[in-house]
Amino acid sequence: MKEPLVSVLMTVYNREKYIAEAIESVLASTYQNWELIIVDDRSKDSSVEIANSFKGKDDRVKVYINEVNLGDYPNRNQAASYAKGKYIKYVDADDKIYPFGLEQLVFFMEQFPEAGYGLCSLAQDKIKMYPFQLEPMEAYYRHYFEQQLFHKAPLSAIIKKDSFEKAGRFSGKRMLGDFEMWHVLSQKFPVVLMPQGIVWYREHDEQEMSLHRSDPMQPFRYKLLAEDLLKSNNCPLSASDKMQALKIVKSQQASAILSAGKHYNIKKGLELKNASDLNFLEIIKNKLS
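Rules used throughout
- Residues numbered from 1 in each chain as written.
- Predicted model: local features only at pLDDT ≥ 70, side-chain atom pairs only at ≥ 80, totals over all residues.
- Heavy atoms only, no water.
- Salt bridge = Lys/Arg side-chain N within 4 Å of Asp/Glu carboxyl O.
- Buried < 20%, exposed > 50% of the residue type's maximum accessible area, 1.4 Å probe, protein only.
- Helix = DSSP H or I, 4+ residues; strand = E, 2+ residues; numbered from the N terminus.
- Pairing = 2+ DSSP bridges.
- Axes fitted to C-alpha atoms, helices over the stretch in contact; angles between N-to-C directions.
- Contact = heavy atoms within 4.5 Å.
- Phe/Tyr/Trp six-rings, centres within 6.5 Å; stacked < 30°, edge-to-face > 60°.
- Parallel < 35°, antiparallel > 145°, perpendicular 65-115°, else oblique.
- Left-handed = near helix turned anticlockwise from the far one by under 90°.
- Nonpolar A, V, L, I, M, F, W, Y, C, P; charged D, E, K, R; others polar.
- Expected span 1.5 Å × (residues − 1).

A. Representation of the pattern of salt bridges within the structure. A complete count under the given rule lists 17 salt bridges for this structure. Note that Asp-58 and Arg-60 form a salt bridge whose closest N and O atoms lie 2.7 Å from each other. Here Asp-58 matches Arg-60 in class, with each residue buried. For the salt bridge of Arg-76 with Asp-92, the shortest nitrogen-to-oxygen distance reads 2.9 Å. Placement of Arg-76 in helix α3 (residues 72-81) and of Asp-92 in the loop between β4 (87-90) and β5 (96-97) is noted, with a sequence separation of 16 residues between them. There is no split in this pair, since Arg-76 and Asp-92 are both buried. Salt bridges sharing partners connect three or more residues here, namely Glu-227, Lys-231, Lys-250 and Asp-277.

Structure follows, in structure tokens:
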């Protein structure tokens, strides 16, 4: 059987320090049927020159430059618009994929033809070996009642291109797009769970995610979005499980508000409170429940 084409999508903005290593990790893949689509978002450094230097080495490497700066998730959508593969696989310009990574991801996904996407970099399951598939309700239940699932970055996902399109692509919510996308995909399609050791995530101070360590409002926005997604008519949980999940999320919001007031300042705590629909009495009740 012919191996399905994988469109590896690399969005770039000022990543001259790391982009060569990211590209080389894709070129080293044991899986051969791929295209690498690099989309630069108007970098001000030498990222484009470095990317272009690889085009002559492998004709599967394609480089595009946006006319204007789009921002993170709109640029991810832009990269996907060029994709011709059955699967899309994000590898950011500061990350890497192991040589056998694409091979494993495709092998796992092809075992579950009904799945819309897969998530890797997961801790070992206590009951069974990976890979295995979760139906929409099972995926939501796992995330809200057993262990987090929808917190993974795009690097830890492989997505069927047609499923991505049916889900409406990334909405554009800054820093929240992947968390939202896994929820939306899992409203419509099963997900395949996969082990660690497939991709490598680089941590550095130039990442937007570093804001999570300095501003409690950033992680709090995930809790607000989780509430909205649970309240959606498309949420696959049963009515009773949805109510229980919302109670858990509200309790997490209350804890975050009190923690911000204690560990930062009262003003920051009030900022989080005002972003929620909780009043002071509800905050105390949720914290105690």
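There's plenty left to go through after this.
B. Spatial organisation of unusual backbone geometry. Here Tyr-130 and Pro-131 are connected by a cis peptide whose omega angle stands at 0°. The residue Pro-131 is located in the loop between β6 (117-119) and β7 (132-134) in this model. For Met-175, which is not glycine, the phi torsion reads 70° and is therefore positive. Mapped onto the elements of the fold, Met-175 is located in the loop between α6 (161-166) and α7 (177-188). For Met-175, a relative accessible area of 4% corresponds to the buried category.

C. Spotlight on the sheet that holds strand β8 (residues 157-160). The mixed open sheet is built from eight strands, whose spatial order is β3-β2-β1-β4-β8-β6-β9-β7. In this open sheet, the two edge strands, each paired with only one partner strand, are β3 (61-65) and β7. Within this sheet the neighbouring strands show an average axis-to-axis angle of 25°, counted without direction. Of the strand pairs in this sheet, β7 and strand β9 (residues 191-193) are connected by three bridges, and their pairing is antiparallel. Paired with Gln-133 across the strands is Val-192, a residue of β9. Relative to β7, helix α5 (residues 136-146) is tilted by about 90°, and along the sheet it contacts β7 and β9.

D. Quick look at the packing of aromatic side chains. Under the counting rule described, the total for this entry stands at twelve aromatic pairs. When the centroid spacing of 3.8 Å and the interplanar angle of 5° are considered together, the rings of Tyr-64 and Tyr-82 count as stacked. Of this pair, Tyr-64 sits in strand β3 while Tyr-82 sits in the loop between α3 and β4, and the two are 18 residues apart along the sequence. In this structure Tyr-82 comes out as partly exposed when scored by relative accessible area, which is 26%.

E. Layout of the pairing of β8. The two faces of β8 match: Ala-157 and Ile-159 on one face and Ile-158 and Lys-160 on the other face are all buried. Judged from the two bridges that link them, β4 and β8 form a sheet pairing that is antiparallel. Residue pairing for β8: Ile-88 is matched across the bridge by Ile-159. Sheet topology places β6 next to β8; three bridges connect them, and they run antiparallel. Of the residues in β8, the one forming a bridge with Tyr-117 is Ile-159.

F. Representation of the packing of α7 against helix α8 (residues 217-231) within the structure. Direction vectors running N to C along α7 and α8 enclose 15°, while the axes themselves pass 10 Å from each other. Compared by their axis directions, α7 and α8 come out roughly parallel. Our pair here, α7 against α8, has a crossing hand that is right-handed. Contacts between α7 and α8 involve Phe-179, Glu-180, His-183 and Gln-187 on the former and, on the latter, Tyr-222, Leu-225, Ala-226 and Leu-229. Class assignment for the residues of the contact of α7 with α8 results in five nonpolar, two polar and one charged.

G. Examining α7 more closely. Counted at 1.5 Å a residue, the expected span for α7 with its twelve residues is 16 Å, and the 17 Å between its end C-alpha atoms agrees. With eleven of its twelve residues buried, α7 lies for the most part within the structure. Where α7 is concerned, the buried positions are Gly-177, Asp-178, Phe-179, Glu-180, Met-181, Trp-182, His-183, Val-184, Leu-185, Ser-186 and Gln-187.

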